[in-house]
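# What the coordinates show
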Amino acid sequence: MDIVILKDSEQVAVAGARALQDLLTKKPDAVLGLATGRTPLAMYRQLVAAYEKSSMSFRDATTFNLDEYLGIKPADPQSYRSYMQRELFDDIDIEMSNTHLPECVAGENPLDVGPRYEEEIRARGGIDLQVLGIGQNGHIGFNEPSSSLSSRTRVKTLTRETIANNREYFDDAASQPQLAITMGIATIMDANEILLLATGAEKAEAVRQSIEGPVSSMWPASILQMHERVTVLLDESAASALEKRDYYNWVQDQKRLLLAQIENS
Ligand code: F6R
C-alpha cells in the first residue's frame, strides 16, 4: 500500500483530484469508480475547478458509483444520484448515459440489481480507478463489518452506527433508508487501481485497523492490503493512530528521491 500522509484535508482533495486528472489524461475513456459522502466533496470541487480552467474532458469517461440507497427515488435530494449530479456531473461534460449507480429502477426486483450492475461494469471493461472513503467502522462502499470478503454487488442492511452517522441528511428518521445496494468487496477488489481517502480524527482507528491490523471482515477496508495497487491519502488527523507513520513518510521521501534520480539520468 502506498500510504501518503498530507497536512490537511485540502491537500488530500488536491492529490485525489490530480490522480483522477492524470488517469483521464493518459486514458480519456477511463472507467472511474466513484464514492459519495463527506470525504470526496472537496476532491470533486477541485476536479470541477480543474475542468473549468483546463482542456480536461470527461466526455469519453464512464463512472460507476459504489452504492445507492434502496427505497428512495433518484430525484430525491438525498439519493446518491442527486449527490453526484449536484457535486460533479452537472458541472462537467460527462455523458449522463455513461454515469452509473446501483439504482433499483421502478418495477425492478432489488435482488436483480447487483448482478445487472456487475454485468454493466464487466461490459465496460472493468474499473480503472476506484475512489473509496472509509466508514468509522471500516466499511468501504456499504460493506459493513462482517460482509463477506468475496461479496459482489447486492442489497445490504446498514448498521445502526452508519445510519446514525448519516442521520443529519434526512428530515426525519422515518425517511432514512436502512438498506442500500452496494458494490461488493470482491467487486471493489477487481478495480485495476484503488484510491482510498480518509480525513479527520474520527477515521483514525478505522485507518489503523485497516492498514496495520489483520485482514478481517470485521474491518472490511483491511482487505485492501491484498490489492496490488492501492494509494491511501490521509490527512494528519486520520493518520494519527498509525504506529508506522514515520516509516510511511520516509518511504514517500525515498520515492521522491528515486523519481528525481530517474528523471535526471
Ligand atoms: C459512500 C460510501 C461510504 C463512505 C463512508 C465514509 O459512497 O460508500 O463507504 O465513503 O461512509 O463517509 P464520509 O466520507 O461521509 O465519512
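Here the structure is shown first, and the text comes after it.
Let me sum up the structure you'll find in this document. Keep in mind that this is a model prediction, so the values were computed, not measured.

### A short note on the nonpolar core
Judged by nonpolar contacts, the single largest core of 65 residues is most densely connected at Leu88, Leu224 and Leu234. Residue contacts for leucine 224: discarding those within four places in its chain leaves Met1, Leu132, Ile140, Met189, Ile194, Leu196 and Val230.

### Quick word on the site of the ligand
In the vicinity of the ligand lie 13 residues, with Thr39, Asp67, His139, Gly141 and Lys203 positioned nearest. At 2.4 Å, a side-chain N or O of threonine 39 approaches an oxygen atom of the ligand. In this structure, an oxygen atom belonging to the ligand sits 2.7 Å away from a main-chain N or O atom of glycine 141. Bound to the protein, the ligand loses 93% of the 410 Å² it would expose on its own. With respect to the detected pockets, the ligand is housed in the largest pocket. Its residues assigned to classes, the shell around the ligand comprises three nonpolar, seven polar and three charged.

### A look at the layout of surface pockets
Empty space within the largest pocket amounts to approximately 640 Å³. Around the largest pocket sit 35 residues that line it, and Thr36, Gly37, Arg38, Tyr80 and Asn166 are the ones nearest its centre. Of all the secondary-structure elements, those providing two or more residues to the lining of the largest pocket are strand S4 (67–69), helix H3 (80–87) and helix H5 (160–165). Element by element, the count of residues in the lining of the largest pocket is highest for H3, at four residues. When the residues that make up the lining of the largest pocket are grouped by side-chain class, the tally is 13 nonpolar, 15 polar and seven charged. Put simply, the second largest pocket is a space of about 530 Å³. The wall of the second largest pocket is formed by 19 residues, among which Ala15, Ala19, Asp22, Leu195 and Thr231 lie closest to the centre. Elements represented by at least two residues in the lining of the second largest pocket include exactly strand S1 (2–6), helix H1 (9–26), strand S9 (193–198) and strand S10 (230–235). When residues of the lining of the second largest pocket are assigned to their parent elements, the largest contribution, eight residues, is made by H1.

### Some details on unusual backbone geometry
You will see that serine 146, though not glycine, has its phi angle at about 90°, which is positive. Looking at where serine 146 falls in the secondary structure, it is placed in the loop between strand S6 (129–132) and strand S7 (154–157).

### Some points on empty space enclosed by the protein
Applying the stated rule across the entire model yields one cavity of 30 Å³ or more. There is about 40 Å³ of room inside the largest cavity. The residue inventory of the lining of the largest cavity, partitioned by class, reads eight nonpolar, one polar and no charged.

### So, the sheet that holds strand S8 (residues 179–182)
Remark on secondary structure: sheet strands pair via backbone hydrogen bonds, oriented parallel or antiparallel. Here three strands make up an open sheet; going across it, the order is S4-S8-S7 and the pairing antiparallel. What marks the edges here is a single partner per strand, and that holds for S4 and S7. With strand direction ignored, the average angle separating the axes of adjacent strands in the sheet is 30°. Bridge count for S4 against S8 is three bridges, and the pairing is antiparallel. Paired with glutamate 68 across the strands is isoleucine 181, a residue of S8.

What counts and what doesn't
Sequence positions are assigned chain by chain, starting from 1 and proceeding in written order. In keeping with the predicted nature of the model, local features appear solely for residues at pLDDT of at least 70, side-chain atom pairs appear and are counted solely at 80 or more, and the whole-chain, interface and lining totals rest on all residues. Think of the side-chain values as coming from all heavy atoms in the structure, minus any hydrogens and water. Each nonpolar core is a collection of buried residues, namely Ala, Val, Leu, Ile, Met, Phe, Trp, Tyr and Cys, held together in the definition by side-chain atoms within 4.5 Å. For each residue, the accessible area found with a 1.4 Å probe, counting protein chains only, is set against the maximum for its type, and the residue is called buried under 20%, exposed over 50%, and partly exposed in between. Every residue pair with non-hydrogen atoms within 4.5 Å of one another is taken to be in contact. Here, proximity means that at least one heavy atom of the residue falls within 4 Å of the molecule or strand. Definition of a polar contact: a pair of N or O atoms within 3.5 Å, with one able to donate and the other able to accept a hydrogen when the atoms are protein atoms, and with sequence-neighbouring residues admitted only if both atoms are side-chain atoms. All accessible areas in this document rest on Shrake-Rupley with a 1.4 Å probe, and a residue is counted as covered only by the protein chains that are shown. Each cavity reported here is a set of points on a 1 Å grid over the protein atoms alone in which a 1.4 Å probe fits but cannot get out, each pocket an open set with protein on both sides within 12 Å along at least five of seven lines, and each lining residue one with an atom within 4 Å of a point. A cavity or pocket is said to hold a molecule if more than half of that molecule's atoms lie within 2 Å of its grid points. Gly is put with the polar residues, along with every residue not named as nonpolar or charged; the nonpolar set is Ala, Val, Leu, Ile, Met, Phe, Trp, Tyr, Cys and Pro, and the charged set is Asp, Glu, Lys and Arg. Grid points are joined across faces, edges and corners, and a volume is the space filled by probe spheres set on the points. Here a strand is any run of E in DSSP of at least two residues, a helix any run of H or I of at least four, and the numbering for each starts at the N terminus. What makes two strands pair is DSSP finding at least two bridges between them. Lines fitted to the C-alpha atoms define the axes, with helices restricted to the stretch that makes contact. Angles between their N-to-C directions range from 0 to 180 degrees.

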